[in-house]
Amino acid sequence: MTIEVRNIVKRFGDFTALDNVDLKVESGELLALLGPSGSGKTTLLRIIAGLEWPDAGTISFDGEDALARGAGERNVGFVFQHYALFRHMNVFENVAFGLRVQPRSVRMNEAGIKKRVTELLDLVQLGWLANRYPSQLSGGQRQRIALARALAIEPRILLLDEPFGALDAKVRKELRQWLRSLHEEIHVTSIFVTHDQEEALEVANRVVVMDKGRIEQIGTPEEVYDRPQTAFVHSFIGESIVLPVNIEAGRVQLGDKVLDIAPNGATPGPSQLFIRRHDVILQPPGNGDLEGAVRRVRAFGPVQRADIALRTNGNETMIEIDAPRDRELKVGEVIGLKPKRYRIFASGA
Amino acid sequence: MSETLPLRDLTKAKESSRSEPALVRYIIIALAVTFLTIFVVLPLIVVFTTAFSRGIGAYLAALAGEEALAAIRLTLIVAAISVLLNLVFGIAAAWAISKFEFPGKTFLNTLIDLPFSVSPVISGLVFVLLFGAQGLLGPWLLANDIQIIFAVPGIVLATTFVTFPFVAREMIPLMQDQGTSEEEAALSLGASGLKTFWRVTLPNVKWGLLYGVLLCNARAMGEFGAVSVVSGHIRGETNTMPLLVEILYNEYQFVAAFAIASLLAMLALITLVIKIILEGRLERHHSDH
Ligand SMILES: Nc1ncnc2c1ncn2[C@@H]1O[C@H](COP(=O)(O)OP(=O)(O)OP(=O)(O)O)[C@@H](O)[C@H]1O
Ligand SMILES: [Mg+2]
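Each residue is numbered by its place in its chain's sequence as written, counting from 1. Chain A is the first chain written and ligand 1 is the first ligand written, with later ones labelled in order. With pLDDT at 70 or above as the cut-off, local features in this predicted model cover only qualifying residues; side-chain atom pairs require 80 or more to be listed or tallied, and sums for whole chains, interfaces and linings still use all residues. Neither water nor hydrogens contribute to the side-chain values; these are computed over all heavy atoms in the structure.

Caption draft 1: How the structure looks around the overall build of chain A. Across its full length, chain A holds eight helices and 20 strands. Summary of the burial criterion: residues with accessible area below 20% of their type's maximum are buried, those above 50% are exposed, and those between are partly exposed, where the area comes from a 1.4 Å probe applied to protein chains only. The buried share of chain A, reckoned over its 349 residues, is 51%. Whether two residues are in contact is decided by their heavy atoms: any pair within 4.5 Å suffices. Within chain A, contacts between residues separated by at least 24 positions form 65% of all contacts whose residues are at least 6 apart in sequence. In this description, accessible areas are obtained by the Shrake-Rupley approach with a 1.4 Å probe, and a residue is regarded as covered only by the protein chains that are shown. Of the accessible surface of chain A, which amounts to about 15,800 Å², a share of 48% is contributed by carbon and sulfur atoms. Charged side chains of chain A number 45 positive and 46 negative; the gap between the two group centres comes to 3 Å. The helix count covers DSSP runs of H or I at least four residues long, the strand count covers runs of E at least two residues long, and both are numbered beginning at the N terminus. Positive charges come from Lys and Arg alone, negative charges from Asp and Glu alone, with His and the N- and C-terminal ends not counted. We put the charge of a Lys on NZ, of an Arg on CZ, of an Asp on CG and of a Glu on CD.

Caption draft 2: Quick peek at the sheet that holds strand β8 (residues 189-194) of chain A. Residues and elements named next belong to chain A. In short, DSSP must find at least two bridges between two strands for them to pair. The strand order β6-β7-β8-β3-β9-β10 describes an open sheet built from six strands, whose pairing is mixed. Across the chains shown, the open sheet's two edge strands, defined by having one partner strand only, are β6 (76-79) and β10 (214-219). Sheet twist, expressed as the average angle between the axes of neighbouring strands with direction ignored, equals 15 degrees. Pairing of strand β3 (residues 30-34) with strand β9 (residues 206-211) involves four bridges; the strand directions are parallel. Whenever a helix is involved, its axis is fitted only over the stretch in contact; in every case the axis is a line through C-alpha atoms, and angles between N-to-C directions fall within 0 to 180 degrees.

Caption draft 3: Quick peek at helix α15 (residues 241-250) of chain B. For α15(B), the tally of buried residues reaches seven of 10 residues, placing the bulk of the element in the interior. The set of residues buried in α15(B) consists of B:Met241, B:Pro242, B:Leu243, B:Leu244, B:Val245, B:Ile247 and B:Leu248.

Caption draft 4: Representation of the packing of helix α4 (residues 66-99) of chain B against helix α13 (residues 206-222) of chain B in the model. Residues and elements named next belong to chain B. Two numbers describe how α4 lies on α13: the axes approach to 9 Å, and their chain directions differ by 140 degrees. In this structure, α4 crosses over α13, and the sense of that crossing is right-handed. Across the interface between the two elements, Thr 75, Leu 76, Ala 79, Val 83, Asn 86, Leu 87 and Ile 91 from α4 touch Leu 209, Val 213, Cys 216, Asn 217, Ala 220 and Met 221 from α13. As a working rule, the residues Ala, Val, Leu, Ile, Met, Phe, Trp, Tyr, Cys and Pro are called nonpolar, Asp, Glu, Lys and Arg charged, and the rest polar, with Gly in that last group. Each residue belonging to the contact of α4 with α13 can be placed in one class, and the counts come to 10 nonpolar, three polar and no charged. Helix crossings are classified by the rotation of the near helix relative to the far one: an anticlockwise turn of less than a right angle makes the crossing left-handed, while a clockwise turn makes it right-handed.

Caption draft 5: Spotlight on the interface of chain A and chain B. Contacts between the two partners involve 23 residues from chain A and, on the opposite side, 18 residues from chain B. As a working definition, buried area equals the accessible area (1.4 Å probe) given up by two parts on being put together, with both sides summed. Between chain A and chain B, the buried area comes to about 1,800 Å², and carbon and sulfur atoms account for 59% of it. The largest per-residue losses of area from chain A upon contact with chain B belong to A:Arg87, A:His88 and A:Val101, which jointly make up 36% of the total buried on that side. Whenever a carboxyl oxygen of Asp or Glu lies within 4 Å of a side-chain nitrogen of Lys or Arg, that contact is scored as a salt bridge. Summed over the shared surface of chain A and chain B, the number is two salt bridges. Here B:Glu182 and A:Arg87 are joined by a salt bridge, their closest N and O atoms 2.7 Å apart. What qualifies as a polar contact is a pair of N or O atoms within 3.5 Å, subject to a donor-acceptor requirement within protein and to the restriction that residues adjacent in sequence count only when both atoms come from side chains. The tally of links from chain A across to chain B stands at six residue pairs in polar contact (both at pLDDT 80 or more). For the side of chain A that touches chain B, the secondary-structure elements that each account for two or more residues are β6, α2 (91-100) and α4 (139-151) of chain A. Per-element tally for the side of chain A that touches chain B: the top contributor is α2(A), with three residues. Of the residues belonging to the side of chain A that touches chain B, the class tally is 13 nonpolar, five polar and five charged.

Caption draft 6: Here's a closer look at the pattern of salt bridges. Residue and element names in this part refer to chain A. According to the stated counting rule, one finds 38 salt bridges over all chains in the structure shown. Arg 305 is the partner of Asp 322 in a salt bridge, and the nearest nitrogen-oxygen pair spans 2.8 Å. Of the two residues, Asp 322 is situated in strand β18 (residues 315-324) and Arg 305 in strand β17 (residues 303-312); the sequence distance between them amounts to 17 residues. On the basis of relative accessibility, which here comes to 12%, the residue Asp 322 falls in the buried class.

Caption draft 7: Seen up close, the site of ligand 1. Residue and element names in this part refer to chain A. Taken together, 13 residues sit near ligand 1, with Ser 37, Gly 38, Lys 41, Thr 42 and Thr 43 positioned nearest. Between an oxygen atom of ligand 1 and a side-chain N or O atom of Glu 162, the distance comes to 3.3 Å. Bound to the protein, ligand 1 loses 61% of the 640 Å² it would expose on its own. Those elements that place two or more of their residues in the shell around ligand 1 are β2 (15-25) and α1 (41-49). In terms of residue count, α1 provides more of the shell around ligand 1 than any other element does, three residues in total. Here the residues of the shell around ligand 1 are counted per class, giving four nonpolar, seven polar and two charged. Any residue with a non-hydrogen atom lying within 4 Å of a molecule or strand is treated as near it.

Caption draft 8: Here's a closer look at the packing of aromatic side chains. Stacked, edge-to-face and tilted labels apply to pairs of Phe, Tyr and Trp rings (six-membered ring for Trp) whose centres lie within 6.5 Å, assigned for plane angles under 30 degrees, over 60, and everything in between, in that order. Counting across every chain of the model gives 15 aromatic pairs over all chains. Ring centres of A:Phe274 and A:Phe345 lie 5.5 Å apart, and the angle between their planes is 75 degrees; on these two criteria the pair is classed as edge-to-face. A residue pair is termed long-range when its members are at least 10 positions apart, and A:Phe274 in strand β14 (residues 269-276) and A:Phe345 in strand β20 (residues 343-346) qualify at 71 residues. In terms of burial, A:Phe274 and A:Phe345 fall into one category: buried. When the ring of B:Phe116 is compared with that of B:Phe166, the centres are 5.1 Å apart and the planes differ by 75 degrees; the resulting orientation is edge-to-face. With B:Phe116 in helix α6 (residues 114-117) and B:Phe166 in helix α10 (residues 165-178), the pair connects residues that are 50 residues apart, well separated along the chain. Classification of B:Phe116 by relative accessible area gives partly exposed; the value is 41%. Grouped by ring-pair contacts, the aromatic residues B:Trp95, B:Phe100, B:Phe197 and B:Trp198 constitute a single cluster. The positively charged end of A:Arg144 is found above the aromatic ring belonging to A:Trp178, 6.0 Å away from the centroid. Distance and angle both matter: a charge sits over a ring if NZ of Lys or CZ of Arg is within 6 Å of the ring centre and within 35 degrees of the ring normal. Stacked on the ring of B:Tyr26, the Lys or Arg B:Arg25 has its end atom at 5.8 Å from the ring centre.

Caption draft 9: Structural detail: the pairing of strand β4 (residues 56-61) of chain A. Residues and elements named next belong to chain A. Bridge count between strand β1 (residues 3-12) and β4: five bridges; the pairing is antiparallel. Bridge assignment links Glu 4 to a residue of β4, and that residue is Ser 60. The pairing of β4 with strand β5 (residues 64-65) spans two bridges and is antiparallel. Looking at the pairing, Phe 61 lines up with Glu 64 of β5. Between β4 and β5, which pair antiparallel in sequence order, lie two residues; one of them, Asp 62, sits at a positive phi of approximately 50 degrees.

Below, the structure written as structure tokens:
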């Protein structure tokens, strides 16, 4: 099932939560919606599910108008951020709910329901909890039951709103792997919301980065990480060193110093230079390099992280870099930094 | 408190902060007990002793009298209808207020409390002014031969009005507390609005609902002021139990009056017991999540 979202606008009062959102999700894809809090991720998901209605725009599933149908007729499985399990039903009944409320003409008989629920509980590996109530489950267990409940109706689309948001780091990591392999098994078109970039980059085929109700970039994890299209994406994904520069006559100027890097077609004027922390080469201070004194070094794991006080225009700017450990840095030492890879975005863009 | 204080002293200090002068504690407890005895226990004892003062035979005879039976029947009918109406209205109002956004919501929320803030006698009078012979709709009702005031419909109306807030007030905070996410989950799983209500919304508030119904029923059976205004006190026809108690008392038929009163008192006691059970349930239900 493909999902096509076109020019969706959603306002709450005079606040625009979604501003002309366009998105195409391919069949069988596992797509991550990534963005800071309040960027409109949940709102977009709810509109796709039919729990919220857009002010403008269209949504179609496999070319068919989805807005013509209510939430119950879209056959969309929704996993809520806070699970929303039915608290007065046990796990079995929670999962069976979607089967029981079907119109009598298509409803399974009791044996069929029992078989299907048992299968689903096995799929999420929680068959032994069938008789428990939601209040007697751990967060990770609730999340998996919520997923089983959503899968019971054999949804054409699966939407997950921060499925692992409320869980601790270790459980998150496990469930992440588990979701990935589950998706490989059942291959239903899925969108999941997260504001954890690592989660998005690791689990999804493609990542949609949102900010302030707009889509900033859509791409594979490598694309959004290595070739961010906007300053926002660059600073939101991965750790970056950001320096204010000026593009003038095809040269990149940091203060009164001309850097030995090409502007790569950046438009002239005040701009921002983005460098990944690990994309700098350490060398003896030279002419066109960034130059600064080492202030603090923390060496752990494969890299050493150092605070460097860059000298620009007589001022000092503190930046953090990650350097391989083969070259030992000493506090007080003055070093040159040559950006290996970098991107320049016009300021204010 | 210093940190080096031994644990033993700490617990002692904690105890004494609660149990300061023992005398004060005893005085307060004694006051409460005396108050309860005078205002609650004594009246109850008086009701039952007076009711049985001529023996159990006279008591049963008083209850089996035609007027008494008519009053009991009427009270049960009125309470049944009012509770049913308020069950429906109360759930509807609570559902609307707690699960939807609409203009005038705050106003509706305030309006629900109106019956509590108005004297029952005034409530009764309003119905007389509306439906009485000289009332707003009086001529039309007369022309169509419909009698509301001084008849059962008036009593039902007045009782329903006075007891309206019980169910709604009990349900609104419960429903608000539960939010809408379970309903949304049900909808997206394909349940219709009605099925969602029956299978998700209602089961989640059932103990609160029962609690509201219980209080509503107790008040409906015991209502005096509003009913007194619209009833017309027609013997054997429009007298509810509380009204009959007053009439009998004024006629110095103490045994009969208190026999009926004892039924109302028993209703109160039963209500109390069920209330305690329900409160326990409600609490457990709440601490579940
Ligand atoms: N029912 C509503 N009424 C008014 N404003 C709303 C409503 N729902 C969402 N908003 C606003 O719309 C914006 C987007 O909300 P949304 O829940 O989609 O954000 P989000 O990206 O999911 O954030 P988070 O990561 O914190 O969950 C927020 O600024 C929020 O305040
Ligand atoms: Mg959200």
